[in-house]
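Here is how the chains run, residue by residue.
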Protein chains: 2
Amino acid sequence: MQEAVHFEDLEIGQVLGSQRKTMTEAEIIEFAWQYDPQPFHISVPDAEESHFGGVISSGFQTLAVSFRLAWQANGLQATNLGAGTIEQLHWLKPVRPGDTLRVEMEVLEKRESRSKPDRGFVRFKYTTYNQDDEAVMTMECPQIVGRKEAARG
Amino acid sequence: MQEAVHFEDLEIGQVLGSQRKTMTEAEIIEFAWQYDPQPFHISVPDAEESHFGGVISSGFQTLAVSFRLAWQANGLQATNLGAGTIEQLHWLKPVRPGDTLRVEMEVLEKRESRSKPDRGFVRFKYTTYNQDDEAVMTMECPQIVGRKEAARG
């Protein structure tokens, strides 16, 4: 396990990186068949005839992959207490089979909880990039992050 | 196939319903294992010890199921041209195995595209309800919807 990252460890302006993940045609079609069965996600010939020119990942799959990449890379596994909101999610470019994604999380704001001394609120901006360093998705997400034992007094 | 619903068919204030879908423990754990492997999504005993008191669906799964329910129920299959943005997504209550979800889509705003006469922009508010008619998720999503052939002049 990585060392846990707590609320106190995060600084405004800090940017956290992630591993990279290659998206396969198989998982793009499998996800979409179950969750987002639009022709340009599930059918190669229909996607080729669409304005996308080929199969693209469901935006919901891009979102979920982005969250997992960010979550598992940054020592937040033990301290993430959840998120109730996504603000301003934008899908900027199509994600295609063979594209390799990585995520940067920037700490935009943080404040301690007034009522619960074991946690704080952190607003992250997520940006998902492809292998050409083009941004394919951005979102802002206020999350609840645990504080160190010592701070709980 | 249902009859296609075009931009002109949608009225501000109109509310579109959906089928209902029961969430199973198997699919909740399977989705989370691949896309959101937090303990309260993938492990029954860890979830029971968490503040959720049992396994809950990944919010990304609730989102994707909600979109599919809405999309497949409302004649938008042929006319939906995509969405680039989600605004103000809120997860309001946990979704647990055995919960049955349905979606209401309200038409908040609509306007014709100035540059492309074959389409218009529609802002939908999605609300996902459980079997007790409790709202579990809301979001606003501006979508692009095709116009009727006749309107393309």
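Residues numbered from 1 in each chain as written. Chains lettered and ligands numbered in written order. Predicted model: local features only at pLDDT ≥ 70, side-chain atom pairs only at ≥ 80, totals over all residues. Heavy atoms only, no water.

### Concerning the relation of the copies chain A and chain B
Superposing chain A onto chain B takes a rotation of 180 degrees plus a shift of 0.0 Å along the axis, which leaves an RMSD of 0.0 Å. This pairing of chains is accounted for by a two-fold axis. When C-alpha distances to the rotation axis are compared across chain A, the minimum falls at Glu-87 of chain A, with a value of 2.8 Å. Here 100% of the interface residues in chain A have copies in chain B that are interface residues too; the copies meet face to matching face. (Least-squares fit on C-alpha atoms with pLDDT ≥ 70 in both. Contact = heavy atoms within 4.5 Å.)

### Considerations on the UniProt feature "domain: MaoC-like" (unreviewed entry) in chain A
Here, the residues flagged by UniProt with the feature "domain: MaoC-like" (unreviewed entry) are residues 12-116 of chain A. What you have in residues 12-116 of chain A is 34% helix and 27% strand, and the ends, taken at the C-alpha atoms, are 21 Å apart. (UniProt positions renumbered as here; feature names shortened; annotations may be inferred. Helix = DSSP H or I, 4+ residues; strand = E, 2+ residues; numbered from the N terminus.)

### A closer look at the packing of helix 1 (residues 25-35) of chain A against helix 4 (residues 59-73) of chain B
One can describe the packing of helix 1 of chain A onto helix 4 of chain B by two numbers: an axis separation of 9 Å at closest approach and a directional angle of 60 degrees. Side by side, helix 1 of chain A and helix 4 of chain B meet where Phe-31, Trp-33, Gln-34 and Tyr-35 of chain A of the first sit next to Gln-61, Ala-64, Val-65 and Arg-68 of chain B of the second. Among the residues forming the contact of helix 1 of chain A with helix 4 of chain B, the class breakdown is five nonpolar, two polar and one charged. (Axes fitted to C-alpha atoms, helices over the stretch in contact; angles between N-to-C directions. Nonpolar A, V, L, I, M, F, W, Y, C, P; charged D, E, K, R; others polar.)

### Some details on the nonpolar core
If you look at the biggest cluster of nonpolar residues, it comprises 74 residues, and the most contacted ones within it are Ile-86, Phe-124 and Tyr-126 of chain A together with Ile-86, Phe-124 and Tyr-126 of chain B. Beyond its immediate stretch of four places on either side in the chain, Phe-124 of chain B contacts Leu-10, Leu-16, Leu-76, Met-105, Glu-106, Val-107, Met-139, Glu-140, Cys-141, Gln-143 and Val-145 of chain B. (Core = buried A, V, L, I, M, F, W, Y, C linked by side-chain atoms within 4.5 Å. Buried < 20%, exposed > 50% of the residue type's maximum accessible area, 1.4 Å probe, protein only.)

### Topic: the interface of chain A and chain B
Counting residues at the interface gives 28 residues for chain A, matched by 28 residues for chain B. At the boundary of chain A with chain B, total buried surface from both sides reaches about 2800 Å², with 60% on carbon and sulfur atoms. Interface area lost by chain A to chain B is led by Tyr-35, Phe-60 and Ile-86 of chain A, which between them contribute 22%. Viewed at the interface, chain B and chain A are joined by zero salt bridges. For the interface between chain A and chain B, the tally reads 10 residue pairs in polar contact (both at pLDDT 80 or more). Secondary-structure elements contributing two or more residues to the side of chain A that touches chain B are helix 1, helix 4 (59-73), strand 3 (80-83) and strand 4 (85-91) of chain A. By residue class, the composition of the side of chain A that touches chain B is 15 nonpolar, nine polar and four charged. (Buried area = accessible area lost by both parts, 1.4 Å probe. Salt bridge = Lys/Arg side-chain N within 4 Å of Asp/Glu carboxyl O. Polar contact = N/O pair within 3.5 Å; in protein donor to acceptor, adjacent residues only side chain to side chain.)

### Section: empty space enclosed by the protein
Inspection of the entire model under this criterion finds three cavities of 30 Å³ or more. One number sums up the size of the largest cavity: a volume of about 150 Å³. Lining the largest cavity are Glu-27, Glu-30, Phe-31, Gln-34 and Tyr-35 of chain A together with Glu-27, Glu-30, Phe-31, Gln-34 and Tyr-35 of chain B. Elements with a contribution of two residues or more to the lining of the largest cavity: helix 1 of chain A together with helix 1 (25-35) of chain B. (1 Å grid on protein atoms, 1.4 Å probe; cavity = no way out; pocket = protein on both sides within 12 Å on 5 of 7 lines; lining within 4 Å. Points joined across faces, edges and corners; volume = space filled by probe spheres on them.)

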